[in-house]
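Working through the structure, step by step
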Amino acid sequence: MKARNNPFRTDRVLEVRYRLRGVSLTDLLNRLQRLSYRAAIVGPNGSGKTTLLEDLEPEICALGFRVKHLRLDDQKRNFPNAFIKMFLAELSAQDFIFFDGAEQMSALKWHAFKAKSRKAGGLLITSHAKGMLPTLTVCSTSPELLEEIVSDLLNGESLMSLPSTTKLFRKHDGNLRGALREMYDIYAAKPHINPSAVGD
Amino acid sequence: MSDLEIRTRDDKTNYVPGEELAGEVSWRTDAAPRDAELRLFWHTAGKGTQDVEVIETISFDSPARSDRRPFRFTLPESPYSFSGKLVSLIWALELVLASGETERLDIVISPTRNEIALQGG
């Protein structure tokens, strides 16, 4: 199986959008407005927080805001002081901050950031835990959601020759990103799978 | 309804490094596009982060609603098209109109004119 034909390759997985359950983007935007545009998307690793943040960006831009991005993760846990100072100094009411991985910031730095970012028109963060800002929504996953995504990526190809998505879901503690990465390896190791069944 | 097409000379898609790639692009759209360009680029596809590099871009002046333009690139010496289990490197041409409409044609560049298969990779 060539990497270019693997249905679980990165570019295809990144095309999978967040699947809202029982709530619409409009509902979330209304809630965000009620929270004065300062809120958190909460959920564990691989639950779709970043994807949901991306999906909300055009909606926020349509409201007339200019989105400014910040991102921290396991590899990058801090911003240089000069960078964050300049970032905060340049904010205006037209700016809407999308801060992915805000939980990486130390409590002290977060406290200062939260206060100094008030001149922005909005602040939407993703975090593993509740409490940094009022919760906009909690992202969660399920074996059924993983199966649905796997099925879509396989473009109708049978799941029969692949491991149970329920087992994979449990193995990765509900982290869909991790489960889909393992699916890539499983699929890559299966020479008999017909690549023509996999669409782009 | 728009109609975009990339045609290479003799419909050739497999090339050697340094070879000339020539052809014609055409489009038919509802309104004249503000800009139209053809990009020669490569990208990776696979398990890891995707890399992409645009090698050359040809911009077509004053594009009309229905238009046809010749193009010509001299292909670079590297990288070669290859595929393993973890990553593939794919060369392509992409016609892009200002409206966001695109058409893409994958090509192969390697000394053998065939995609290099990485063993165990």
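Scoring rules and cut-offs
- Residues numbered from 1 in each chain as written.
- Chains lettered and ligands numbered in written order.
- Predicted model: local features only at pLDDT ≥ 70, side-chain atom pairs only at ≥ 80, totals over all residues.
- Heavy atoms only, no water.
- Domains from an automatic or database assignment.
- Contact = heavy atoms within 4.5 Å.
- Buried area = accessible area lost by both parts, 1.4 Å probe.
- Salt bridge = Lys/Arg side-chain N within 4 Å of Asp/Glu carboxyl O.
- Polar contact = N/O pair within 3.5 Å; in protein donor to acceptor, adjacent residues only side chain to side chain.
- Nonpolar A, V, L, I, M, F, W, Y, C, P; charged D, E, K, R; others polar.
- Axes fitted to C-alpha atoms, helices over the stretch in contact; angles between N-to-C directions.
- Helix = DSSP H or I, 4+ residues; strand = E, 2+ residues; numbered from the N terminus.
- Parallel < 35°, antiparallel > 145°, perpendicular 65-115°, else oblique.
- Buried < 20%, exposed > 50% of the residue type's maximum accessible area, 1.4 Å probe, protein only.

What follows concerns the domain arrangement of chain A. All names here are of chain A. Domain boundaries in chain A define domain 1 (3-16 + 141-190) and domain 2 (25-138). Taking the mean C-alpha position of each, domain 1 and domain 2 sit 29 Å from one another. Contact with domain 1, which involves six residues of that partner, is made by four residues of domain 2. Across the domain 1 to domain 2 interface the summed buried area is about 340 Å²; carbon plus sulfur atoms make up 44%. By the criterion of area lost to domain 2, the three top residues of domain 1 are Thr-141, Asn-175 and Arg-177, representing 68% of everything that side buries. On the surface where domain 1 and domain 2 come into contact, there are zero salt bridges. Linking domain 1 to domain 2 there are one residue pair in polar contact (both at pLDDT 80 or more). Tallied by class, the residues present in the side of domain 1 that touches domain 2 amount to two nonpolar, three polar and one charged.

With that settled, the discussion passes to the packing of helix H2 (residues 25-34) of chain A against helix H3 (residues 49-62) of chain A. Residue and element names in this part refer to chain A. In the contact formed by H2 and H3, the axes pass within 11 Å of each other and the chain directions differ by 75 degrees. Considering the angle they form, H2 stands roughly perpendicular to H3. In contact with Leu-25, Leu-28, Leu-29 and Leu-32 of H2, H3 contributes Leu-52, Asp-55, Leu-56, Glu-59 and Ile-60. In the contact of H2 with H3, the residues fall into seven nonpolar, no polar and two charged.

Our next topic: the environment of Asn155(A). Residues and elements named next belong to chain A. Within the secondary structure, Asn-155 is located in the loop between helix H6 (143-153) and helix H7 (165-171). Given a relative accessible area of 44%, Asn-155 falls into the partly exposed group. Taking the C-alpha atoms as reference, Asn-155 lies 8.5 Å from Pro-7; in sequence the two are 148 residues apart.

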